[in-house]
Every structure is written in structure tokens, then in C-alpha cells.
Amino acid sequence: MARPLSFKIAVVATVLFVVCTNFVFCNNGRRVGDVMDTEFGGFSVPLEHSFEVDDVAKFRVRGALMLKAGREPSVSLSQNQLSEEDRTKLKEVAAVDGLYRIRVPRVFLQADRQTERQMEGYLTAFVRACAMVESHLSDVISLHTDVSGYLIGVSIVTIPGACRGTEVEDEVDLEVFNTTLSIMAPVNAPGPETALFLERMEQESEKKGKNPQEQKSFFAKYWYLILGGAIFLMVTNSAQPPAGGGREQS
């Protein structure tokens, strides 16, 4: 009787192990770019990077952007460390003045619009690989959205941003990313004071209507002065005696 009982316990334990294993690894097998739901009510999307000596982009996962729920988008960043192979390759790319690229998928950042998330390609940005190396992996990534919260652009800069040929140690300075992440939403510009502008236009029109002579040319404005001056000159010239004229003889 003890043997069948132990056999049943072993079977149950095996089944539980299989179930737990599938649960733990349920997020594996996703394609790069798939949106991943998270437990806190938001979702996450991959942040990918590429740096190749031949300058042909081959993107792989650098980390994940964690987009939290709420009316205002809130984003945090989880990143992987660079492996020894990646550190060596990054320095090789920097030595030939190659590029370091990043990309993120086009998504809505608002959690309440998750049903509208459509994978419509990627947004990319790049910096010089030497700037990435000499900044010790210190960069600033900005996510640019439109008024609806849709991701329309991404940018990256390094701190510092120039390449000076500074020697960098792989193990110390090229292992952990030091990233500042920000969201850049559009800012509504102050609208023109339309009512005040129209009122001023009406006032100008009224003034021009009351003073139509302001719209006339110089001669139209002062024709009477010009005419009066001409008549005065004619009368003056006719009243003068002819030069060298003799007296009448009786």
C-alpha cells in the first residue's frame, strides 16, 4: 500500500513541476518587438541597440521600457549589462568611427489605449560609437509623443557628446548603462489674440473710411495747392511789363 501511495505522490509532484515551469517561462518565445503586459497594469516594450563594424544594423535587446498605467505616461527603464564580447565590439566600432543605434517600437504610451497598440515599425536614433564609449555608457534617451500620447520619435545623446580619443577600460567603464530617460510631449503654443486683432483691423478700416484722402496719391491730396500755385505764377508773369519797352509817342 505504501508503494502505490508514493507513486501517486511522485506523479503529482511531476505534474506540479511541469505546470510551474510553464508558468515561470510563459514570457519566453516572444518575438522582438512584441508588447509585453506587466503585473502593475501597464506594459513594456523592448529597447534595442545595434553597433556593427560593417555599419549594417543588427538590433538586439538592450533592455525594456516599462510603461506604467495612468492618465499621464510614466516610463521607467530596465537594462542589461554589456557582455565582454559586446564591450570589445563596441570599442572596435568606435575605433573605425562607426555608429551606435537604438530603436523602439511605435506604441501609445497611455495605458488606457492599449487596445490601439499597433506595431507599425520602429523609431530609431544614433550617436557616434566613440561618444558612447568615452561617455562610459552615459546617455540621455528622449521619447517624443504627439498630443494623443502616440510615440512619434526617439532621440539619444551622450554626456559628454564629443569624441576626444580618451582611453576607456572595458571592465570598469563599459559594463553598466547610465541612462536618463524622459518623455517629451508637445507644448501648446500661445494662440493669437484673434478678437483683439480683428478689433484693431476694424478700427483701422473705420479711420480710412472717415479720411478717404489718406488713400489718395500725393497729387490727388494736394491738387488744389498745385493748381493755385500755377495760376498765381501765370498772373504774376502777365502783369510784369516787357523788358526794354519804349514810351508811347504823342
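Residues numbered from 1 in each chain as written. Predicted model: local features only at pLDDT ≥ 70, side-chain atom pairs only at ≥ 80, totals over all residues. Heavy atoms only, no water.

Caption draft 1: Representation of the side chain of Ser-135 within the structure. Inspection of the secondary structure puts Ser-135 in the loop between α3 (129-134) and β7 (138-145). A distance of 3.0 Å separates a polar side-chain atom of Ser-135 from the backbone oxygen of Met-132. Ignoring anything within four residues of it in the chain, the contact list for Ser-135 reads Thr-158, Ile-159 and Pro-160. (Helix = DSSP H or I, 4+ residues; strand = E, 2+ residues; numbered from the N terminus. Polar contact = N/O pair within 3.5 Å; in protein donor to acceptor, adjacent residues only side chain to side chain. Contact = heavy atoms within 4.5 Å.)

Caption draft 2: Representation of the pairing of strand β5 (residues 99-105) in the model. Burial analysis of β5 places six of its seven residues in the buried class, the great majority of the element. One ladder, built from three bridges, connects strand β2 (residues 43-50) with β5; its direction is antiparallel. Paired with His-49 across the strands is Ile-102, a residue of β5. (Buried < 20%, exposed > 50% of the residue type's maximum accessible area, 1.4 Å probe, protein only. Pairing = 2+ DSSP bridges.)

Caption draft 3: Summary view of the environment of Pro-105. Tracing the chain through its elements places Pro-105 in strand β5. Residue Pro-105 is classed as buried on the basis of its relative accessible area, which comes to 1%. Separated by 57 residues in the primary sequence, Pro-105 and Glu-48 have C-alpha atoms spaced 9.4 Å apart.

Caption draft 4: Highlighting the nonpolar core. Judged by nonpolar contacts, the single largest core of 32 residues is most densely connected at Leu-90, Tyr-100, Ile-102 and Val-154. Put simply, the parts of the chain that give this core at least two residues each are β2, β3 (60-68), α2 (84-95), β5, β6 (122-128), α3, β7 and β8 (151-158). Among the elements that make up this core, the one with the highest residue count is α3 (four residues). Contact partners of Leu-90, with chain neighbours within four places excluded, come to Phe-51, Leu-82, Tyr-100, Ala-129, Val-133 and Leu-137. (Core = buried A, V, L, I, M, F, W, Y, C linked by side-chain atoms within 4.5 Å.)

Caption draft 5: Broad picture of the packing of aromatic side chains. Under the criterion given, the structure shown has two aromatic pairs. Geometrically, the ring pair formed by Phe-51 and Tyr-100 is stacked, given 5.7 Å between the ring centres and 25 degrees between the ring planes. With Phe-51 in the loop between β2 and β3 and Tyr-100 in strand β5, this residue pair connects regions lying 49 residues apart in the sequence. The exposure class assigned to Phe-51 is buried, which follows from its relative accessible area of 0%. Classification of Tyr-100 as buried rests on a relative accessible area of 1%. One Lys or Arg, Arg-60, reaches over the ring of Phe-51 and ends 4.5 Å from the middle of that ring. Here the basic side chain of Arg-103 rests over the ring of Tyr-122, its NZ or CZ set 3.8 Å away from the ring centre. (Phe/Tyr/Trp six-rings, centres within 6.5 Å; stacked < 30°, edge-to-face > 60°. Lys NZ or Arg CZ within 6 Å of the ring centre and 35° of its normal.)

Caption draft 6: Focus on the environment of Leu-65. By the secondary structure assignment, Leu-65 is in strand β3. Assessed through its relative accessible area of 3%, Leu-65 is described here as buried. Separated by 13 residues in the primary sequence, Leu-65 and Ser-78 place their C-alpha atoms 6.5 Å from one another. When near neighbours in sequence (up to four residues on either side) are disregarded, Leu-65 contacts Phe-43, Ser-44, Val-45, Leu-47, Val-75, Ser-76, Leu-77, Val-104, Leu-143 and Leu-181.

Worth remembering: the numbers are spatial, not functional.
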